[in-house]
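# Fold and geometry: a report
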2 protein chains.
Amino acid sequence: MKPDKQKRLEAAGFKIGTADDFLKLTPAESELVTLRLSLAHDVRRRRIALHFTQADLARRLGSSQSRIAKLEAAEPDVSLDFLFRAMFAMGAKRREVGQLIAAV
Amino acid sequence: MKPDKQKRLEAAGFKIGTADDFLKLTPAESELVTLRLSLAHDVRRRRIALHFTQADLARRLGSSQSRIAKLEAAEPDVSLDFLFRAMFAMGAKRREVGQLIAAV
DNA sequence: AAGTGATATGTCAATTCTGACATATGTCAA
DNA sequence: TTGACATATGTCAGAATTGACATATCACTT
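Residues numbered from 1 in each chain as written. Chains lettered and ligands numbered in written order. Predicted model: local features only at pLDDT ≥ 70, side-chain atom pairs only at ≥ 80, totals over all residues. Heavy atoms only, no water.

## Quick look at the pattern of salt bridges
The tally for this structure, following the rule as stated, stands at 16 salt bridges over all chains. The residue Arg 44 of chain B makes a salt bridge to Glu 72 of chain B at a minimum N-O spacing of 2.8 Å. With a gap of 28 residues between them, Arg 44 of chain B in helix α3 (residues 27-49) and Glu 72 of chain B in helix α5 (residues 65-72) connect regions that are remote in the sequence. Because the salt bridges share partners, they merge into one network encompassing Asp 42, Arg 45, Arg 46 and Glu 96 of chain A. (Salt bridge = Lys/Arg side-chain N within 4 Å of Asp/Glu carboxyl O. Helix = DSSP H or I, 4+ residues; strand = E, 2+ residues; numbered from the N terminus.)

## Details of the relation of the copies chain A and chain B
For these two chains of identical sequence, chain A goes onto chain B by a turn of 180 degrees and a shift of 0.0 Å along the axis, with RMSD 0.0 Å. Look at the turn and shift together and you get a two-fold axis relating the two. For chain A, the residue whose C-alpha comes nearest the rotation axis is Gly 98 of chain A, separated from it by 2.0 Å. Mapped onto chain B, 100% of the interface residues of chain A are again interface residues, and the two copies thus contact each other with one and the same surface. (Least-squares fit on C-alpha atoms with pLDDT ≥ 70 in both. Contact = heavy atoms within 4.5 Å.)

## Some remarks on the packing of aromatic side chains
Centre-to-centre distance and the angle between the planes together describe a pair of aromatic rings. Applying the stated criterion across every chain, the model contains 3 aromatic pairs over all chains. Judged by centre distance (6.3 Å) and plane angle (40 degrees), the rings of Phe 84 of chain A and Phe 88 of chain A are tilted. A residue pair is termed a helical-turn pair when its members lie 3 or 4 positions apart in one helix, as Phe 84 of chain A and Phe 88 of chain A do in helix α6 (residues 80-89) at 4 residues. Relative accessible area serves as the criterion here: at 4%, Phe 88 of chain A is assigned to the buried category. Among the aromatic side chains, those forming a connected cluster through ring pairs are Phe 84 and Phe 88 of chain A together with Phe 84 and Phe 88 of chain B. (Phe/Tyr/Trp six-rings, centres within 6.5 Å; stacked < 30°, edge-to-face > 60°. Buried < 20%, exposed > 50% of the residue type's maximum accessible area, 1.4 Å probe, protein only.)

## Some details on the interface of chain A and chain B
If you look at the interface, chain A gives 24 residues, while chain B gives 24 residues. When chain A packs against chain B, the two sides together hide about 2,000 Å² of surface, and 65% of this comes from carbon and sulfur. Looking at the side of chain A facing chain B, the largest losses of area belong to Glu 31, Phe 88 and Arg 94 of chain A, adding up to 33% of the total buried there. Joining chain A to chain B, the criterion identifies 2 salt bridges. (Buried area = accessible area lost by both parts, 1.4 Å probe.)

## Considerations on the protein's contact with DNA strand C
Lining the immediate surroundings of DNA strand C are 18 residues, of which Gln 54 and Lys 70 of chain A together with Ser 63, Ser 66 and Ser 79 of chain B lie closest. Close to the protein, within 4 Å, the atoms of DNA strand C belong to sugar or phosphate groups at a rate of 48%. Arg 44 of chain A places a side-chain nitrogen or oxygen 3.0 Å from a phosphate oxygen of DNA strand C. Here a base nitrogen of DNA strand C sits 2.9 Å away from a polar atom, N or O, in the side chain of Gln 65 of chain A. When contributions to the surface near DNA strand C are tallied by element, the ones reaching two or more residues are α3 (27-49) and α5 (65-72) of chain A together with α5 of chain B. Here the element with the most residues in the surface near DNA strand C is α5 of chain A; it accounts for 4 residues. (Near = heavy atom within 4 Å. Polar contact = N/O pair within 3.5 Å; in protein donor to acceptor, adjacent residues only side chain to side chain.)

## A closer look at the protein's contact with DNA strand D
Taken together, 18 residues are adjacent to DNA strand D, and Ser 63, Ser 66, Asp 77 and Ser 79 of chain A together with Gln 54 of chain B come closest. Backbone atoms, meaning sugar and phosphate, make up 49% of the atoms of DNA strand D lying within 4 Å of the protein. For DNA strand D, a phosphate oxygen lies 3.1 Å from a polar atom in the side chain of Arg 67 of chain A. Separating a base nitrogen of DNA strand D from a side-chain N or O atom of Lys 70 of chain B is a distance of 2.8 Å. For the surface near DNA strand D, the secondary structure elements donating two or more residues are α5 of chain A together with α3 and α5 of chain B. In terms of residue count, α5 of chain B provides more of the surface near DNA strand D than any other element does, 4 residues in total. Classifying every residue of the surface near DNA strand D gives 4 nonpolar, 9 polar and 5 charged. (Nonpolar A, V, L, I, M, F, W, Y, C, P; charged D, E, K, R; others polar.)

Here is the structure:
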């Protein structure tokens, strides 16, 4: 958001902040949320780059299409284990995953 | 292991390899195992650097001393979620965690 | 409009993971 | 040796996550 727009909104009584602020997350919780979102987004990016459907990826993981949809939506009942397994199942290396996680 | 020692052992009929080889892990499984071990090791390293006992860390996580012991031992019933929560609970940032994961 | 393939959403029983607890082992100082 | 503190190991009921399935929605072609 541009600074001037933020000023105008605040003048109008709106509090502006990130979703983390809004939800009053601790720094640790915030890091975890960001991590989950990054992974979920990258799974989709990689899947599409490989021309896989969700069903294709599910088959590789011994899972189901609906679970992949939930994974990519970063739904709260999706574990980090599942997210990482999806990454590695698409050939991602620790090096690449580390870079993704470290990215600001 | 030093190369010469490995040669001697192989000459004696021993097969030398990594645990991954021995267990016949796929590359994806291998990446996951290494990831878990790296995190578990780093949790212990950080905890000790902070002069925390396992009970201290457990309290921060709303967990128990025994679960932290299992975590640091990378026992198979410990989730990646729990490992990451422990890292972040000790103040680790995504940047640092990413570097740890990316490290060869 | 109807058909087709991909993705999203909801539910649920089974599996997996968790905190809690008991207890064992280890370490070190008094 | 005893005591005090830290860590390890085992168990288990409850909580969280899973695959499977049904079905809805979307995008595109005919």
